[in-house]
Amino acid sequence: MRKTLFCLLLAFNCSAKDLAYTNNVIGGKTVLTDKVCRYNSELMEAYATNSEGKKIYACYMLRDANIYFLLEDDSVRILPKKQFRLIGEMV
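Calculation rules
- Residues numbered from 1 in each chain as written.
- Predicted model: local features only at pLDDT ≥ 70, side-chain atom pairs only at ≥ 80, totals over all residues.
- Heavy atoms only, no water.
- Pairing = 2+ DSSP bridges.
- Helix = DSSP H or I, 4+ residues; strand = E, 2+ residues; numbered from the N terminus.
- Core = buried A, V, L, I, M, F, W, Y, C linked by side-chain atoms within 4.5 Å.
- Buried < 20%, exposed > 50% of the residue type's maximum accessible area, 1.4 Å probe, protein only.
- Contact = heavy atoms within 4.5 Å.

Enquirer: Got a minute to help me understand the sheet that holds strand S3 (residues 44-49) in this structure?
Expert: By definition, the strands of a sheet pair up through backbone hydrogen bonds, in either a parallel or an antiparallel sense. Across the sheet, seven strands lie side by side as S6-S5-S4-S3-S2-S1-S7; this open sheet has antiparallel pairing. Edge positions in the sheet fall to strand S6 (76-80) and strand S7 (85-86), since each of these pairs with one other strand and no more. Note: strand S1 (residues 18-23) against S7, two bridges, orientation antiparallel. Residue pairing for S7: tyrosine 21 is matched across the bridge by arginine 85.

Enquirer: Help me out: how do you make sense of the nonpolar core in this one?
Expert: Burial of nonpolar side chains together is a common tendency in soluble globular proteins. Ranked by size, the top nonpolar core spans seven residues in total: Ala20, Leu32, Ala46, Tyr60, Ile67, Phe69 and Phe84. Those residues in contact with leucine 32 that sit more than four places away from it in its chain are Lys17, Asp18, Leu19, Ala20, Glu45, Ala46, Tyr60, Ile67, Phe69 and Phe84.

This is how it looks when you write it as structure tokens:
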């Protein structure tokens, strides 16, 4: 019974959890989530906000000390992992 309930809870949990963030050059934040990327199931989803709160989505992967972002136009951006803070550290 517990196992069935756990599986149902997982199935209904559709919202992504924000994991880490950094300030970006467009006046907002770049945020890493725990959601599988909608464009590439081998990557995770990230989004950036601008100063007006508009969201731009991308895919990301961690490799060594960097985070690689694949943008919708197939361009790649790289940011150092140490630049990000865990969401629990957000002020």
